[in-house]
Structures are given as structure tokens and as C-alpha cells.
Amino acid sequence: MTDKTRPVLLTGASGNLGRALAPALTAAGYTLRLTDIAPFPDAVPAGATFTKADLNDGPTILRLAEGCQAILHFGGVSTEQAFEVVLGPNIRGLYHIYEAARRERARVLFASSNHSIGFHERPAGNAELLDADCAFRPDGFYGLSKAYGELMGRLYWDKHGVENLNLRIGSSFPEPVDARMLSTWLSYADLARLMERFLEAPRIGHAVVWGASKNPATYWGGDHRDRIGWEPQDTAEAFRDKVGGKVSGDPVTERYQGGGYTAMDYTRETPSPKDQFSLD
Ligand SMILES: NC(=O)c1ccc[n+]([C@@H]2O[C@H](COP(=O)([O-])OP(=O)(O)OC[C@H]3O[C@@H](n4cnc5c(N)ncnc54)[C@H](O)[C@@H]3O)[C@@H](O)[C@H]2O)c1
């Protein structure tokens with residue numbers, strides 16, 4: 001049982017997932033420091049404070065993390081953008097988060113993404129599911145920044161003993177909106193339960209966990225969820241009738257796990273043919 005009066009820093013608090021987590025974690029008794037570059041759009045929950053800050057501002061991030069037991073790092077660019085847009089928040093900002101964690105001996109939960117491995121093909125039939133120790137195959141500059149973030153966690157654990165869990169979030173929205181999300185959806189409730197397991201786990205080391213609910217159509221297999229004792233409870237299957245027919249019709253999008261992100265600025269003439277995979 002953690003000391004719930006020791007604060008937890010939540011970055012990206014004003015974003016979609018931050019706004020879902022802030023009330024859920026304060027209701028569970030945690031003391032939160034919320035931060036974001038954008039104002040917090042809701043009433044700040046009891047048990048939380050909010051400070052507006054840019055992840056690029058290292059001294060402010062270090063100050064915000066003072067005395068924290070953990071950092072839930074959800075802030076930054078969360079969609080595919082030009083390299084220069086991604087660079088500051090997702091690369092430099094992440095370094096500030098890890099330096100703060102190192103100083104405070106805090107553990108880090110990094111909101112990574114399926115887009116760090118987006119160019120793996122979707123499993124066909126009963127093909128093997130992808131384990132979390134698979135190769136990074138980022139599907140854009142955003143996914144590349146998430147792969148870098150996971151490697152930053154690897155470095156800070158190996159060199160400084162900063163514990164970290166890298167949550168490769170699939171699609172975390174109130175409900176699935178297309179057929180791909182029958183495989184990738186993570187409910188807000190499963191996400192919040194995972195945060196609690198992360199905060200309460202005695203030992204984490206450097207862990208990678210697929211961020212998806214209990215979806216029978218999943219792409220993903222083994223990971224380190226046993227270290228925190230997390231089991232998702234919700235399933236996207238309940239939405240199959242509503243979204244099962246919602247496919248893009250684009251061959252690149254439908255072939256790879258990253259979906260539409262793989263097709264953005266895609267300049268190969270065709271998706272790589274099967275017989276050329278030995279070159280991939
Ligand atoms: N929602 C998903 O399905 C999903 C999937 C994979 C990964 N993720 C990751 O989870 C995290 C949260 O996702 P979300 O859906 O809530 O995204 P979001 O865009 O709603 O929230 C991100 C927040 O980061 C803040 N931010 C951006 N630049 C910043 C800066 N320079 N300094 C401080 N704050 C800054 C934004 O203001 C925003 O409130 C992101 O890191 C995202 O990459 C989300």
C-alpha cells in the first residue's frame with residue numbers, strides 16, 4: 001500500500017485521458033499534482049492542484065515533481081505531426097520527466113503508443129500475437145518519439161534504477177469508433193484500474209504493457225502485466241454490431257497494426273509484398 005498523501009504528478013492533465021484519470025485517481029484517495037500547457041478545463045478535483053507548465057521548461061518540471069512518488073506522463077504531442085512539432089514536448093520534455101524522476105526516486109508511467117510498433121502486420125487467422133519484446137516499427141514521427149520514450153525508460157532503469165512502465169496504448173476513447181478498435185480499444189475504466197495497480201505494485205523494473213481492454217480480436221500477446229497484477233475487464237466486442245463494418249478500404253491502413261497512421265505520407269509504391277519481407 002503506497003502512502004497516498006505523497007503526491008503523484010500527472011502530466012497532460014487537460015487532455016482526454018488526463019481529464020478521465022484526474023477524478024478517478026483522486027476518488028481513489030491519491031494526492032495529485034496536475035499539469036499541462038493548456039488550462040485544466042474542468043473543476044480541479046478535491047485532492048488535486050493544477051499548475052500550467054510547458055514540458056520544454058526543465059526547471060519547472062523538476063520543481064513540480066519535488067516530493068512526488070510517481071509521475072504519470074500523459075503530456076505531449078499525441079498525434080502524428082511534423083518532426084519539429086514532436087521534438088520539444090516528446091523528446092526534450094521526456095528527458096525532463098526522467099531527470100525529475102531520477103532526482104525524486106519516483107517511478108514513471110509513460111503513455112506510449114501502438115504507433116511505436118505500428119508497421120507490424122495485423123495477425124491473420126490464428127497467427128501468433130505480437131509480444132511486447134517485438135522490434136520497434138514506428139509508423140511516423142509520433143510513433144518514433146514513443147519508441148524513444150520507451151528506450152529512455154530502459155536507460156534510466158539500467159543506469160539509475162528509475163522504475164518505469166511503458167503502456168503501449170491502443171485506442172483509449174469512451175468507446176470504439178471503427179473496426180480496428182475492436183482489437184485496440186482500451187476503456188477509461190481499465191486504464192484507471194491500471195494506474196492504481198501501477199502505483200500499488202511493490203516492484204516494476206522496466207516493464208512494457210499492451211494498453212488494450214480484454215478484446216478477443218486483439219493483436220497483442222505477452223507483456224509484463226503480471227508485475228502489477230492488472231487484468232483488463234472491459235471488452236470492445238460489445239460494440240461489434242455498431243463499428244464492425246467501419247473499415248477504411250485503404251490497403252496500407254488495413255494491413256498494419258497502426259492503421260491510418262501507417263498510410264500518412266506513405267511513399268512506397270505499394271505495401272511491401274510478402275516475398276520481400278526478408279528485406280524489411
Ligand atoms: N488516447 C489514445 O488512444 C492514446 C493512444 C496512444 C497513446 N496515447 C498517449 O496518451 C497520452 C494522452 O493522450 P490523450 O488522448 O489524452 O491526448 P491529448 O492530446 O488529449 O492530451 C495530451 C495533452 O498534452 C498536452 N501537451 C502538449 N504539449 C505540451 C507541452 N509542450 N507541455 C505540456 N503539456 C503539453 C496537451 O495540452 C494535452 O492536454 C499522450 O501521450 C498520447 O500520446 C493516447
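See above for the structure.
Small disclaimer: the values here were computed from a predicted structure and weren't measured. Every chain is numbered independently, its residues counted from 1 as its sequence is written. In keeping with the model being predicted, local features are shown solely for residues with a pLDDT of at least 70 and side-chain atom pairs are shown and tallied solely at 80 or more, while totals for entire chains, interfaces and linings include all residues. Values reported for side chains reflect all heavy atoms of the structure, with hydrogen atoms and water molecules removed beforehand.

Peer 1: Can you explain the overall build of the chain? Please cite residues and give values.
Peer 2: Secondary structure elements follow DSSP: runs of H or I of four or more residues count as helices, runs of E of two or more count as strands, with numbering from the N terminus. Helix and strand counts for the chain stand at nine helices and seven strands. For the radius of gyration, the atoms used are the C-alpha atoms, and the globule rule reads 2.2 Å times the number of residues raised to 0.38. In summary, the chain has a C-alpha radius of gyration of 18 Å against a globular reference of 19 Å for 280 residues, a match within 12%. Based on the C-alpha atoms only, the size of the chain along its principal axes is roughly 55 × 40 × 35 Å. The buried label goes to any residue with under 20% of its type's maximum accessible area, the exposed label to any with over 50%, and the partly exposed label to all in between, with areas taken from a 1.4 Å probe on protein chains only. Sorting the 280 residues of the chain into buried and exposed places 52% on the buried side. Only heavy atoms matter for contacts: two residues are in contact if any of them lie within 4.5 Å across the pair. Taking as baseline every contact in the chain between residues at least 6 positions apart, the subset at least 24 positions apart corresponds to 67%. For the chain, the exposed surface amounts to about 12800 Å²; the carbon and sulfur share of it is 53%. Distance between charge centroids for the chain: 5 Å, based on 30 positive and 35 negative side chains. A 1.4 Å probe and the Shrake-Rupley method give the accessible areas. Residues count as covered only by the protein chains that appear here. Charge counting follows a simple rule: Lys and Arg are positive, Asp and Glu are negative, and His as well as the terminal groups are ignored. Charged side chains are reduced to one point each, which is NZ for Lys, CZ for Arg, CG for Asp and CD for Glu.

Peer 1: Kindly report on the site of the ligand, identifying the contributing residues and their values.
Peer 2: Being near a molecule or strand, for a residue, means having at least one of its heavy atoms within 4 Å of it. The environment of the ligand is formed by 26 residues, the closest being Leu-17, Asp-36, Ser-78, Tyr-142 and Ser-172. We define a polar contact as two N or O atoms separated by no more than 3.5 Å, with the added condition that, inside protein, one atom must be a possible hydrogen donor and the other a possible acceptor, whereas residues neighbouring each other in sequence contribute only through side-chain atom pairs. In the environment of the ligand, an oxygen atom lies 2.8 Å from a nitrogen or oxygen atom belonging to the backbone of Leu-17. Considered on its own, the ligand offers 820 Å² of accessible surface; in the complex 86% of this is hidden by protein. In terms of residue count, strand E5 (residues 107–113) provides more of the shell around the ligand than any other element does, three residues in total. Residues are grouped as follows: nonpolar covers Ala, Val, Leu, Ile, Met, Phe, Trp, Tyr, Cys and Pro; charged covers Asp, Glu, Lys and Arg; every other residue, Gly included, is treated as polar. Across the shell around the ligand, the residue classes break down as 11 nonpolar, 12 polar and three charged.

Peer 1: Give me the sheet that holds strand E1 (residues 8–11): which residues, what numbers.
Peer 2: Two strands are counted as paired when DSSP detects at least two bridges linking them. Spatial strand order, E3-E2-E1-E4-E5-E6-E7: seven strands in an open sheet with parallel pairing. Of all the strands in the sheet, the pair left with one neighbour each is strand E3 (48–52) and strand E7 (206–211). With strand direction ignored, the average angle separating the axes of adjacent strands in the sheet is 20 degrees. Sheet topology note: the strand E4 (residues 70–73)/E5 ladder contains four bridges and is parallel. In this analysis, axes come from line fits to C-alpha atoms, helices being fitted only over the stretch in contact, and the angle between any two N-to-C directions falls in the range 0 to 180 degrees.

Peer 1: Tell me what's going on with the side chain of Asn-164, and back it up with residues and numbers.
Peer 2: The topology assignment puts Asn-164 in strand E6 (residues 164–169). Here Gly-153 takes part through its backbone oxygen, which lies 2.8 Å from a polar atom of the side chain of Asn-164.

Peer 1: Break down the pairing of E6 for me, citing the residues and quoting the values.
Peer 2: If a strand is regular, its side chains alternate between the two faces of the sheet. Most of E6 sits out of view: six of its six residues are buried. Burial along E6 is two-sided: the residues Asn-164, Asn-166 and Arg-168 and Leu-165, Leu-167 and Ile-169 are all buried. As judged from the six bridges shared by E5 and E6, these two strands associate in the parallel manner. Counterpart to Ser-113 in the pairing with E6 is Ile-169.

Peer 1: Break down the packing of helix H3 (residues 83–104) against helix H4 (residues 141–160) for me, with residues and values.
Peer 2: For the pair H3 and H4, the least separation of the axes is 10 Å and the interaxial angle reads 20 degrees. One element, H3, and the other, H4, form an angle in the roughly parallel class. When you trace H3 past H4, the crossing you get is right-handed. Across the interface between the two elements, Phe-83, Val-86, Asn-90, Ile-91, Leu-94, Tyr-95, Tyr-98, Glu-99 and Arg-102 from H3 touch Phe-141, Tyr-142, Ser-145, Tyr-148, Gly-149, Met-152, Gly-153, Tyr-156 and His-160 from H4. An angle counts as roughly parallel when it lies under 35 degrees, as roughly antiparallel when it exceeds 145, as roughly perpendicular when it falls between 65 and 115, and as oblique in every other case. In this scheme, a crossing is called left-handed if the near helix is turned counterclockwise away from the far one by less than a right angle; it is called right-handed if the turn is clockwise.

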